[in-house]
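Letter by letter, the chains look like this.
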Amino acid sequence: MTFRIFSLLTMTLASVVFANQTSSEESILNSVLYRPAIHYTPKINFMNDPNGLIWDQSTKTFHIYFQYDPTAPVAGNQHWGHATSKDLFHWVDQPVALNIGSDGLHIFTGSMVIDTENTSGLFGNKSNSNFVALYTRGNLETGIQDQGLMYSSDGGYHFTPYEHDPILTLNSTQFRDPQVQWFPQYNKWVMAIALSREHKVQFYESQNLTQWSLMSEFSGGIFGVDYECPNLTPVKDQDGNSKWILFLSINPGMPLGGSGTQYFIGDFDGKEFVAETNSTQLLEFTKDNYALQYISQGSILNGNSSYGENAFIGWVGNWQYAQTTPTGLWRSALTLARNYTLKDNEYNQTLLLQSPLNLESLRINSEAVNTSVSLNSTNKNISMEMPIVSTALEINIKGNFSKLPTNATAAQGRVFLRFANSFDEYLEAGLDWGNGGGQLWLNRDQLKGFNDPFYTGKFSAATDVSKDNFEWRIILDASVIEFFADEGLTVGTMTYFPKIPLTELYLESPSGESVDLDVEIIPLAKTMNRTTIFG
């Protein structure tokens, strides 16, 4: 019955898609068609960078602030939006937190801290409700970017501008995105901030959040045009040992085009960040995850949340096309919260592993599909029924493939998943392997819901195929896919826009190489108070 109802819905959507609907009707349709069930999206209008992600231990609440234009589904009138959650999935919309004031200065990216000990002197007493936002003020007339402060004594809901702003200025047009955290071992606040066009990250220190002194600078990696959104945080390895990672976003000028994030692994001594190597690493092999922030665990007296010592969220978008995507009345999503860990490989290289946090809590196990299949020369492809009860699915794949003969070509073996619909649209995830190594790949090229010259359709990443097996974890959610492979070493986030929903699943080994697959498809319960195609 569920599949029949969904098929009728699909046919209804198809009839509307090809009818002579007005632009406003299409906008409303797309607002529902592309609305994710478990990824945070604004109710209306435009969202980009996550800002001020923080865990309040005293109320057991996550706060997420973000760049937001409350007036249009494009960027340009920058405020801080706000939502709260107890579990990083079920978000409650809050009123806009940081508004443009009478001075007309826009509220650009920044961070949030809890000044529990009232080091700033802005509060009447010590309290876990002492929230302080530090952000870039953008003067659109002069172009000057300097750093401002607002504070809240009610736990991050209503803010008062600091009367002595700016707290930090270089009279520069390219000085932005402060990330601030408390270092109890040094008894001070530390700020990482981008001197964007000079391709520098500067580190400042303060005792009170309002007076800052320069300590050091860092530069390296891919320069692009601008550095943006630096985030410095310790990340533990699987034995509990920590290293510091400096995440640094670039826009434009990433190798795949537009915006993206790189990172450096190293050490921070309270004054200076020193990278282990001169090389940088890219966070993903796709191009739709930008401006990530880690979720701060509070401040001096706040302990860790139940979610471990780090959690990260990024913006699902790329500045090359983020303001033209076909989602109607709203634009952009945030990634699911992820956990990061470090692992050393056999060459003593430190690698970053990513995984979605606590996704198991959303599983609708009663509707899950589990099966084992074998693809070979006589059975090159099979179709599978998708459990159609939610726009969000978790697909877990474990595969074993045959080793190719020594004289085989480098790309002789191939296996892929194809999510498709009746309009000959499809989204694919695949693996090619041969004696020359392996390639993981994603393909959104055959979807017809969005056309832009910069909307790259195909992505690939090298992968180790020496063990003749692989594991994938895929989260598919209306218009966002998050792909995890190689224990979380190889990760890709993409938007995707079919004309109608993808309701069919095919597994294929086109060359007939033997591949054994264990497939698990699990619907994920809707968490957002938004209208999707399932209501």
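Note that the structure is predicted; figures quoted are calculated from it, not measured. (Residues numbered from 1 in each chain as written. Predicted model: local features only at pLDDT ≥ 70, side-chain atom pairs only at ≥ 80, totals over all residues. Heavy atoms only, no water.)

All right, on to unusual backbone geometry then. With an omega of 5°, the peptide bond running from aspartate 165 to proline 166 counts as cis. Residue position: proline 166 is located in the loop between strand S8 (160-161) and strand S9 (168-172). With an omega of -20°, the peptide bond between asparagine 251 and proline 252 qualifies as cis. For histidine 199, which is not glycine, the phi dihedral falls at a positive 55°. Its place among the elements puts histidine 199 in the loop between strand S11 (188-195) and strand S12 (200-206). Note on histidine 199: relative accessible area 13%, which makes it buried. (Helix = DSSP H or I, 4+ residues; strand = E, 2+ residues; numbered from the N terminus. Buried < 20%, exposed > 50% of the residue type's maximum accessible area, 1.4 Å probe, protein only.)

Take the pairing of strand S33 (residues 480-485) next. With 6 of its 6 residues buried, S33 lies for the most part within the structure. Along S33, one buried face is formed by Val480, Glu482 and Phe484 and the opposite face, lined by Ile481, Phe483 and Ala485, is buried too. In this sheet, S33 lies alongside strand S32 (residues 469-477) in antiparallel orientation, the contact comprising 6 bridges. Each residue of the ladder has a partner; that of leucine 476, found in S33, is isoleucine 481. Alignment of S33 against strand S34 (residues 490-495), held across 6 bridges, turns out to be antiparallel. Counterpart to phenylalanine 484 in the pairing with S34 is valine 491. (Pairing = 2+ DSSP bridges.)

What follows deals with the layout of surface pockets. In this model, the largest pocket occupies a volume close to 1,100 Å³. Around the largest pocket sit 38 residues that line it, and Asp464, Asp486, Glu487, Leu489 and Thr490 are the ones nearest its centre. At the level of secondary structure, the elements contributing two or more residues to the lining of the largest pocket comprise strand S23 (338-344), strand S24 (350-356), strand S27 (392-401), strand S31 (458-463), S32, S33 and S34. Of the residues assigned to the lining of the largest pocket, the class counts are 18 nonpolar, 9 polar and 11 charged. (1 Å grid on protein atoms, 1.4 Å probe; cavity = no way out; pocket = protein on both sides within 12 Å on 5 of 7 lines; lining within 4 Å. Points joined across faces, edges and corners; volume = space filled by probe spheres on them. Nonpolar A, V, L, I, M, F, W, Y, C, P; charged D, E, K, R; others polar.)

Our next topic: the sheet that holds S33. The strand order S25-S36-S27-S32-S33-S34 describes an open sheet built from 6 strands, whose pairing is antiparallel. Edge positions in the sheet fall to strand S25 (369-375) and S34, since each of these pairs with one other strand and no more. Going from strand to strand, the sheet's axes swing by 15° on average, the running direction of each strand aside. Here 7 bridges tie S25 to strand S36 (residues 515-523), and the two strands are oriented antiparallel to one another. Across the sheet, the residue bridging to serine 372 is aspartate 518, located in S36. (Axes fitted to C-alpha atoms, helices over the stretch in contact; angles between N-to-C directions.)

Each aromatic ring pair is summarised here by two numbers: the centre-to-centre distance and the angle between the ring planes. Enumeration over the complete set of coordinates arrives at 37 aromatic pairs. On the numbers, 4.0 Å between centres and 10° between planes, the contact of phenylalanine 312 with tyrosine 340 is stacked. Of this pair, phenylalanine 312 sits in strand S20 (residues 312-316) while tyrosine 340 is found in strand S23, placing the two residues 28 residues apart along the sequence. Through pairs of rings, three or more aromatic residues link up here, namely Phe285, Phe401, Trp433, Phe470, Trp472 and Phe483. Over the ring of tyrosine 426 we find arginine 418; its NZ or CZ atom is 3.9 Å from the centre of that ring. Just above the ring of tyrosine 455 sits the side chain of arginine 444; from NZ or CZ to the centre is 3.7 Å. (Phe/Tyr/Trp six-rings, centres within 6.5 Å; stacked < 30°, edge-to-face > 60°. Lys NZ or Arg CZ within 6 Å of the ring centre and 35° of its normal.)

Glancing now at the nonpolar core. In terms of nonpolar packing, the biggest core is built from 40 residues, with Trp472 and Leu517 touching the most fellow members. Counting 24 residues, the second-largest nonpolar core is a separate cluster that includes Tyr40, Phe62, Tyr68 and Trp315. (Core = buried A, V, L, I, M, F, W, Y, C linked by side-chain atoms within 4.5 Å.)

Enumeration according to the criterion identifies 19 salt bridges in this entry. The partner of glutamate 205 in a salt bridge is lysine 188, with the nearest N and O atoms 2.7 Å apart. Residue glutamate 205 is found in strand S12, and its partner lysine 188 is found in strand S11; the two are separated by 17 residues along the sequence. Take glutamate 205: its relative accessible area is 29%, and that puts it in the partly exposed class. The closest approach of N and O atoms between aspartate 226 and arginine 197, which form a salt bridge, is 2.4 Å. With aspartate 226 in the loop between strand S13 (213-218) and strand S14 (227-236) and arginine 197 in the loop between S11 and S12, this residue pair connects regions lying 29 residues apart in the sequence. Under the relative-accessibility criterion, arginine 197 is labelled partly exposed at 43%. What you see here is one network of salt bridges that share partners, running through Arg176, Arg197, Asp226 and Glu228. (Salt bridge = Lys/Arg side-chain N within 4 Å of Asp/Glu carboxyl O.)

If you walk across this open sheet you meet the 4 strands as S10-S11-S12-S13, and the pairing is antiparallel. Both edges of this open sheet fall to strand S10 (175-183) and S13, since each of them pairs with a single strand only. Each neighbouring strand pair of the sheet contributes to a mean axis angle of 25°, computed without reference to strand direction. Relative to S11, S10 is paired through 7 bridges, and the arrangement is antiparallel. For arginine 176, the partnering residue across the bridge sits in S11 and is alanine 194.

Checked against the element boundaries, tryptophan 182 lands in strand S10. For the pair formed by tryptophan 182 and lysine 43, sequence separation is 139 residues and the distance between their alpha carbons is 33 Å.

As a further point, take the side chain of aspartate 115. In this structure, aspartate 115 sits in the loop between strand S5 (106-114) and strand S6 (131-138). Salt bridges are absent for the buried aspartate 115, whose nearest opposite-charge side chain, lysine 126, sits at 9.8 Å. (Lys, Arg positive; Asp, Glu negative; His and termini not counted.)

Once that is clear, we can look at the confidence of the model for the protein. Of all residues in the protein, 92% have pLDDT values of 70 or greater, and the mean over the chain is 91. Within the model, the stretch residues 1-9 combines pLDDT values under 50 with 9 contacts to residues more than four positions away or in other chains. Long-range and interchain partners of residues 299-308, a stretch whose pLDDT sits below 50, account for 35 contacts in this model, where long-range means more than four residues apart. (pLDDT = per-residue confidence, 0-100. Contact = heavy atoms within 4.5 Å.)

Secondary-structure assignment places valine 32 in helix H2 (residues 23-33). Take valine 32: its relative accessible area is 25%, and that puts it in the partly exposed class. Separated by 296 residues in the primary sequence, valine 32 and glycine 328 place their C-alpha atoms 8.5 Å from one another.

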